[in-house]
Amino acid sequence: MKFRHILLSAIILAAPQADAQTFSTSLRGVASANRKATTEPAAQSFINAIQVYPFADGAIFQAYTAPGLVTDIALQPGETLVAVASGDTTRWVIGDTTSGVDGSGDGEAKRTHILVKPFSAGLTTNLVITTNRRTYHLRLASTAATAMAGISWTYPQDDLIALKRQAEAARAAAPVASGLDIARLNFEYAISGDRPPWRPLRAFDDGRQTYIEFPAELTQGDAPPLFLLGSDGKAELVNYRLRDRYYVVDRLFGAAELRLGLKKQEVVRITRIENHKRRRGA
């Protein structure tokens, strides 16, 4: 009985110690994550007196301030402010203003500025800015006399999206194929079957790829999937690219079908005439 009492007492004493150890480990993990996520100002990242950080989700951006001086935190032009929150609103003055104009006039696009000023040196707190596009996390620290005049960001993710859009627009504006040898083009394809609005106008190949040209209405409705027909008559879905109103198939085929619909399926067959003649004459 005495042994049980001692064992129970040991378990009761060990439980808070285990909880305290887990808590301490968690705190160290949080502190380590915050340190690793904090981006400090770098001399090469200043444009005149403005520190320009590359924006990244979850990063903490360091801002150094000083009493009697205002630090300007400039958001992306066109970005709309939702809210600003700080851990210490008693010893810091935090406000916002805008520059530029609304709409697409001749002036700069409207831009939101968060203005920060500490009451004294030696203060630290955090600042969270939410907008219609993203969330900014900043760490504010006040020094005796040295303050950053301003902070702004570049947005690598936005730049990447813009580049992708430009590339997609360039691909869409490019001809359906480049470097085609006109002398090698083969238009000997027959189109038969149903007559839906999307029925192809023609098909041709260059000896390497097959092109199926559709009417302009294809871009306004559903695009029918393309199935290749094997020698046994079985249909197999094939990969193709949609370029403007062309299907581009990276191979030649003897026969294929475009099928669309569930209950009443519309089917249009495309047959390579040369291939068909060879099979009949064999």
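Residues numbered from 1 in each chain as written. Predicted model: local features only at pLDDT ≥ 70, side-chain atom pairs only at ≥ 80, totals over all residues. Heavy atoms only, no water.

## Regarding the sheet that holds strand β4 (residues 60-65)
Strands belonging to one sheet form pairs held by backbone hydrogen bonds; the direction of such a pair is parallel or antiparallel. With respect to topology, 5 strands assemble into an open sheet ordered β1-β4-β10-β9-β6, the strand pairing being mixed. Every interior strand has two partners, whereas the edge strands, β1 (38-39) and β6 (81-86), have only one. Direction of pairing for strand β9 (residues 124-131) relative to strand β10 (residues 135-142): antiparallel, over a ladder of 7 bridges. By the bridge assignment, Val 128 is partnered in β10 with His 137. (Pairing = 2+ DSSP bridges. Helix = DSSP H or I, 4+ residues; strand = E, 2+ residues; numbered from the N terminus.)

## Points about the environment of Arg 269
Relative to the helices and strands, Arg 269 is located in strand β20 (residues 266-272). The class for Arg 269 is partly exposed, based on a relative accessible area of 34%. In this structure, the C-alpha to C-alpha distance between Arg 269 and Ser 192, residues 77 residues apart in sequence, is 5.2 Å. For Arg 269, the contacting residues outside a window of four places in its chain are Ala 190, Ile 191, Ser 192, Leu 229, Ala 256 and Glu 257. Among the polar contacts listed, one links the side chain of Arg 269 to the side chain of Glu 257, at a separation of 2.8 Å. (Buried < 20%, exposed > 50% of the residue type's maximum accessible area, 1.4 Å probe, protein only. Contact = heavy atoms within 4.5 Å. Polar contact = N/O pair within 3.5 Å; in protein donor to acceptor, adjacent residues only side chain to side chain.)

## Looking at unusual backbone geometry
Leaving glycine aside, a negative phi is the common case for residues, and trans is the common case for peptide bonds. Even without a glycine there, the phi angle at Asn 48 is positive, about 55 degrees. Here Asn 48 is to be found in the loop between β2 (46-47) and β3 (50-54).

## Comments concerning the packing of aromatic side chains
For any two aromatic rings, the description comes down to two numbers: the centre-to-centre distance and the angle of the planes. Counted by the stated rule, this structure contains 11 aromatic pairs. Their ring planes at 40 degrees and their centres at 5.2 Å tell us that Tyr 53 and Phe 61 sit as a pair that is tilted. For Phe 61, a relative accessible area of 1% corresponds to the buried category. An aromatic cluster is defined as three or more aromatic residues linked by ring pairs; in this entry it consists of Tyr 53, Phe 55, Phe 61, Tyr 136, Trp 153 and Tyr 155. Looking at Arg 134, its charged tip hangs above the ring of Phe 55, at a distance of 5.3 Å from the centre. A cation sits over an aromatic face here: Arg 259 above Phe 227, 5.0 Å from the ring centre. (Phe/Tyr/Trp six-rings, centres within 6.5 Å; stacked < 30°, edge-to-face > 60°. Lys NZ or Arg CZ within 6 Å of the ring centre and 35° of its normal.)

## Topic: the nonpolar core
Residues Ile 73, Leu 127, Ile 129, Tyr 136, Leu 138 and Trp 153 are the most contacted members of the largest nonpolar core, which totals 20 residues. Within the residue set of this core, elements represented by two or more residues are β4, β8 (111-118), β9, β10 and β11 (150-154). If one sorts the elements of this core by residue count, β10 sits on top with 3 residues. Here Leu 138 is in contact with Ile 60, Phe 61, Ala 63, Ile 73, Thr 125, Asn 126, Leu 127, Ile 129, Ile 151 and Trp 153, once residues within four sequence places are set aside. Grouped together as the second largest cluster of nonpolar side chains are 17 residues, Trp 198, Leu 226, Leu 258 and Ile 270 included. (Core = buried A, V, L, I, M, F, W, Y, C linked by side-chain atoms within 4.5 Å.)

## Considerations on the side chain of Thr 131
Along the chain, Thr 131 falls in strand β9. Take Thr 131: its relative accessible area is 10%, and that puts it in the buried class. For Thr 131, the side chain forms a polar contact with the side chain of Glu 79, separated by 2.6 Å. In contact with Thr 131, other than residues within four places in its own chain, are Leu 75, Glu 79, Thr 80, Leu 81, Val 82 and Tyr 136.

## A closer look at the sheet that holds strand β14 (residues 210-213)
Across the sheet, which stays open at both edges, the 4 strands sit in the order β13-β14-β18-β17 with antiparallel pairing between neighbours. Because the sheet does not close on itself, it has two edges, and the strands there are β13 (202-205) and β17 (241-243). The mean angle between the axes of side-by-side strands here comes to 25 degrees, regardless of whether they run parallel or antiparallel. Note: β13 against β14, 4 bridges, orientation antiparallel. In the strand pairing of β14, Arg 202 is matched with Glu 213. (Axes fitted to C-alpha atoms, helices over the stretch in contact; angles between N-to-C directions.)

## Quick notes on the pattern of salt bridges
Taken as a whole and judged by the stated rule, the model has 9 salt bridges. A salt bridge links Arg 272 to Asp 205, with the shortest nitrogen-to-oxygen separation between them at 3.3 Å. You can see Arg 272 sitting in strand β20 and its partner Asp 205 sitting in strand β13, a full 67 residues away along the chain. Taken as a pair, Arg 272 and Asp 205 share a single burial class, namely buried. As a salt-bridge pair, Asp 250 and Arg 241 come within 2.6 Å of each other at their nearest N and O atoms. Its relative accessible area of 36% is what places Arg 241 among the partly exposed residues. What emerges from the salt-bridge pattern is a single network uniting Glu 79, Arg 134 and Asp 158. (Salt bridge = Lys/Arg side-chain N within 4 Å of Asp/Glu carboxyl O.)

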